[in-house]
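# A look at the structure
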Amino acid sequence: MAEAADFQGMSPSPARRWMRRTGALLAGAPLLTGLLQLPAATPSHAAERDSLKAASGSGAVAVAVDSLTPTVPADGDTLTVSGTVTNEGKQAVTDAQVDLRLGSPVNTRSAIDTVAGRTGYQEGLDGAPVGGKYVEEFSKLTPGVSQHFSISVPVDKLDLGADGVYEFAVSLSGETAAQPWNQVLGIQRTFLPWQPDAADTQTRTTVLWPLMSTSHMTAQTGSDESQTPVFRDDDLAKEISPGGRLQQLVSLGKELDVTWVIDPDLLASVDAMTESYRVQGEGDTTRPGTYRTVATRWLAELQDAVQDKEVVALPFADPDLASLAHNGTNVTGSLNHLKEATDVAADTVDSILHVQPSTDFAWPVNGAVDPSIVKVATSAGADKVIARSDSLVETRGLTYTPSAARPIGGGTTAVVADARMSTAFQGNLTKASSSTLAVQRFLALSLALNLQTDKQRSIVVAPQRMPTTSQARAMAEAVTALQGGTWTQSQDLTAAATAKPDSGATTQVPAASKYPSSLRKQQLPRSAFEQVATTQDKLDKFKVILTNKSRVVTPFGRAMNREMSTSWRGRSAEAADYRNGIEAYVDSLAGQVTLIEKSETKLSGRSATIPVTVQNNLVQGVDHLVLRLTSQSPRRLEIDDDSFSEQSVAVSGGHSQTVKFPTSAQANGQARVVAQLFTEDGQPYGAPVTFDVKVTEFTATVMLVIGGGFLLLVLAGFRMYTQRKRAAARAAEEDGAQETSETDGAPENQEGPEDRLSPEELRKEESDTGTRADAPEQPSDPAPDTAAESVDPSGTGERVDR
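Note that the structure is a prediction, hence the values are computed from the model and not measured.

What follows deals with the overall build of the chain. Each helix and strand in the chain was counted, giving 21 helices and 30 strands. For the chain, restricting intrachain contacts to residue pairs at least 6 apart in sequence, the fraction spanning at least 24 positions comes to 77%. When the accessible surface of the chain is split by element, carbon and sulfur atoms take 50% of a total near 40,300 Å².

Structure, rendered in structure tokens:
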């Protein structure tokens, strides 16, 4: 056993140290005497020993430790170890035996790393078997077949000494036909933390419990009043369903004393699912979402879990701070999106979970920082940056791990998470053996850290952002054991960030060249931020014409936050598809307000009006638009006495409006006319519509000729009417004179002296009428169009002409 003094900061009593050293000398004396009496090893013995080592390192049998309980044993406990042994060789193993091996204390965390990295059995380093009845035997292990084992041993039988981390292993030994002697054919190492009594100084430990997912919502919403949201897929429903990743995180986390770190986008997405929502299908189709009950239940469970717990809200959609710092700051508007994402975070969490979150923390990917990342992280208002110790590396020679809080200048605090403990649960932990090893190593690292010094420190554990279900279970098991242990006490993140920092801890932020290349390869490229800027520019031009801007601005704003999300790392193709979809959607909405195409128009006459129709297929009205009609041939066709004319346009949702422009022709021929919509600030909106106007104008000379001809026609008609009327009057007089002569018996046509006209009077009358009284009737002379009036009394019912 190693001395307790091997652990920095421990001071065993002098009597205890003397007793242990004396016991070691007494135990080693017979062994030394025997070695002095042994003859030199023969060549055959050396060859046998070499063969044993070769067999031991071959790994012919795989040993898996599936369970080790309790994870942190105490006095009086019984340690139970169970798992499987699998013969992976080609020969059967006979006389097989599973042993428990207790090794020496591991006095540093680097030593823990070394032990965990060893492979194969190494005699003298892997401890001695516990032996006795605390073994399990198998007469034969068939190749390819697994056998289960379970061994229970009282902790008192392990003869554990001083507090500390002990190397603990499970090995299998046996024989094969090719090597018929007993040898270790497989081994699995782990660690056994031993701290039966409460430590005099306990480490204050903060464990972050991340709750976030990938981006699922689109910018698309329904045309109804509630704006039914549209999701890209139903994958989020699977995560919050019973047994899903997010459901497990909530179920496990509610039993732990942890700090919840939440992406508000996740809450907003699940909250949207509690009402009516739709999911994108093939092409442009959507289908109804069916997980409303699941979403409601998950949110209720989360609301209960976070009560009286610290909640840290990241900026909406968890923007990738490193990508933004390295590739986005020179793109206009990128930092504005980060500010917007930060501003909406607190309200989103408060309105859904009914808790007031902290928004003072920024969390770059894997806690990797450089000056540009810190600058971007704090630009939106955060004054604390969650870093990690493998980025902010200690350079001042401290012999212990310092507290998390480090002032790094400018009023900013770096909260440095412990890298070893934060990465303990990465990788595939679906196998019980992998999970068990991760839990034991995490606890060992924590205890070793506490034993470094008597000085109390604040330590932060910041695991991966989106742990799998198996990783979450392992994390919960380890944190449960840690919080039930004897060397730590829980602390929230704000307390860790405000704790007094170690004066000897490094505060130097590493240069940009130190940023890990593996992380740099996963960053969002500059083109991604440029596309976000393009989409924002299109949205800005579109929203100015809307009567209800919030229906568009809010969903698009949140969608552009999602375009910058950390969750796109390692998924560049999916990220590009998402950005393209958002940009295409804003284009399609803007295209719903358009000019209707016109064919060639004919303009007859000196002036006329040209109609142009604006169609609005949006569900809301548009205004603040100006329609301009421009003549490209103003010498031939003028519009409102100029080369162009403008009129304001306002169109209700789902309607169209026709605008009429007065025009005047200056010459015959064809003129090109362009119709274009503009916003009120003079920016073109949509595509122009171009059409031709064919002018067929009448000149002034032509109009005079036509007017003169019409006047002659009127005069000729009047003359004909006068002649007919006089002829009818004469005919009536002659008929009356003849009737009177017949009645009186006078000769027909007899004239008296007083009735006879003189030659001069006759010539005058002919001159006035234009014809002679006795001139013969011409064929073209029309007959009277009315009969002569009758002087007889009218009969009963007969029409009287007046």
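Moving on: the side chain of Thr-203. For Thr-203, the position within the fold is in strand β9 (residues 203-211). Take Thr-203: its relative accessible area is 3%, and that puts it in the buried class. Only 2.7 Å separates the side chain of Thr-203 from the side chain of Asn-450, close enough to count as a polar contact. Once you skip the residues sitting within four places of it in the chain, Thr-203 turns out to touch Leu-449, Asn-450, Arg-457, Ile-459, Trp-487, Thr-488 and Gln-489.

Our next topic: a nonpolar patch on the surface. Together, Leu-711, Leu-712 and Leu-715 make up an exposed nonpolar region whose accessible area comes to about 320 Å². Mapped onto the fold, Leu-715 is located in helix α20 (residues 700-744).

Between helix α18 (residues 550-563) and helix α19 (residues 572-590), the least distance of the axes is 9 Å, while the angle of their chain directions is 160 degrees. Taken as axis vectors, α18 and α19 run roughly antiparallel relative to one another. Along this stretch, α18 crosses α19, giving a crossing that reads as left-handed. Touching Phe-556, Ala-559, Arg-562 and Glu-563 of α18 are Tyr-578, Arg-579, Ile-582, Tyr-585, Val-586 and Leu-589, all from α19. For the contact of α18 with α19, the residue count by class is 7 nonpolar, no polar and 3 charged.

A separate point is the pattern of salt bridges. Any two side chains of opposite charge can pair if their charged atoms end up close together. A full pass over the atoms with the stated rule returns 29 salt bridges. A salt bridge links Glu-301 to Lys-254, with the shortest nitrogen-to-oxygen separation between them at 3.5 Å. Placement of Glu-301 in helix α7 (residues 292-305) and of Lys-254 in the loop between α5 (245-253) and β12 (259-262) is noted, with a sequence separation of 47 residues between them. We note a salt bridge from Asp-360 to Lys-384, for which the minimum N-O separation is 3.9 Å. Of this pair, Asp-360 sits in the loop between α10 (345-353) and β16 (361-362) while Lys-384 sits in strand β17 (residues 384-388), and the two are 24 residues apart along the sequence. When its relative accessible area of 32% is taken as the criterion, Asp-360 is described as partly exposed. Judged by its relative accessible area of 11%, Lys-384 is buried. If you follow the salt bridges from partner to partner, you end up with Arg-118, Asp-126, Glu-167 and Arg-189 in one network.

It is worth spelling out the pairing of strand β29 (residues 669-679) at this point. Within β29, 8 of the 11 residues are buried, leaving the element largely enclosed by the surrounding structure. Two strands pair when backbone bridges link them, and β29 and strand β30 (residues 684-696) are joined in this way by 9 bridges, in the antiparallel orientation. Across the sheet, Phe-678 pairs through a bridge with Pro-684, a residue of β30. Hairpin connection from β29 to β30: 4 residues lie between these consecutive antiparallel strands, with Gly-682 at a positive phi of about 90 degrees.

With 73 residues, the main nonpolar core has Phe-556, Leu-627 and Leu-629 as its most contacted residues. Per-element tally for this core: the top contributor is α19, with 6 residues. For Leu-627, the residues in contact, after removing those within four places along its chain, are Leu-595, Val-612, Val-614, Ser-645, Glu-646, Gln-647, Val-649, Val-659, Phe-661, Ala-675, Gln-676 and Leu-677. Counting 66 residues, the second-largest nonpolar core is a separate cluster that includes Val-72, Ala-199, Leu-302 and Ala-313.

So, about helix α11 (residues 371-379). When we look at burial in α11, the residues that qualify are Ile-373, Val-374, Val-376 and Ala-377. Mapping the buried residues of α11 onto a view down its axis gives an arc of 165 degrees, with all of them on the same face. Looking at the packing, one finds that the buried side of α11 touches α8 (321-328), α9 (334-343), β16 and β17. One or two steps after α11, the chain reaches Gly-381, where phi turns positive at roughly 120 degrees.

As a further point, take the confidence of the model for the chain. Taken over all residues, the pLDDT of the chain has a mean of 85, while the share at 70 or more is 82%. Note on residues 739-757: pLDDT is under 50 here. Beyond four places in sequence and across chains, it has 5 contacts.

Time to look at the sheet that holds strand β11 (residues 229-231). Within the open sheet, the 4 strands sit side by side as β10-β11-β13-β14. Their pairing is mixed. Edge positions in the sheet fall to β10 (217-221) and β14 (286-288), since each has one partner strand and no second. Taken over all neighbouring pairs, the strand axes of this sheet differ in orientation by 40 degrees on average, direction set aside. Bridge analysis of β11 against strand β13 (residues 278-280) gives 2 bridges, and the strand direction is parallel. Its bridge partner lying in β13, Val-230 is registered against Arg-278.

Bringing unusual backbone geometry into the picture now. Note that the residue after Thr-69, namely Pro-70, is joined by a cis bond; omega there is -10 degrees. Summarising the element assignment, Pro-70 is placed in the loop between β1 (61-69) and β2 (78-87). Positive phi is not limited to glycine here, since Asn-366 has a value of about 55 degrees. Relative to the elements of secondary structure, Asn-366 occurs in the loop between β16 and α11. Its identity as a non-glycine residue notwithstanding, His-624 has a phi of 60 degrees, on the positive side. Mapping His-624 onto the fold places it in strand β25 (residues 622-631). Judged by its relative accessible area of 35%, His-624 falls in the partly exposed class.

Here is what the cut-offs are and how they apply
- Residues numbered from 1 in each chain as written.
- Predicted model: local features only at pLDDT ≥ 70, side-chain atom pairs only at ≥ 80, totals over all residues.
- Heavy atoms only, no water.
- Helix = DSSP H or I, 4+ residues; strand = E, 2+ residues; numbered from the N terminus.
- Contact = heavy atoms within 4.5 Å.
- Areas by Shrake-Rupley, 256 points an atom, 1.4 Å probe, with all protein chains shown as cover.
- Buried < 20%, exposed > 50% of the residue type's maximum accessible area, 1.4 Å probe, protein only.
- Polar contact = N/O pair within 3.5 Å; in protein donor to acceptor, adjacent residues only side chain to side chain.
- Patch = residues over 30% accessible without salt bridge, like charges linked within 9 Å, V, L, I, M, F, W, Y side chains within 5 Å.
- Salt bridge = Lys/Arg side-chain N within 4 Å of Asp/Glu carboxyl O.
- Axes fitted to C-alpha atoms, helices over the stretch in contact; angles between N-to-C directions.
- Parallel < 35°, antiparallel > 145°, perpendicular 65-115°, else oblique.
- Left-handed = near helix turned anticlockwise from the far one by under 90°.
- Nonpolar A, V, L, I, M, F, W, Y, C, P; charged D, E, K, R; others polar.
- Pairing = 2+ DSSP bridges.
- Core = buried A, V, L, I, M, F, W, Y, C linked by side-chain atoms within 4.5 Å.
- Arc of directions from axis to C-beta.
- pLDDT = per-residue confidence, 0-100.

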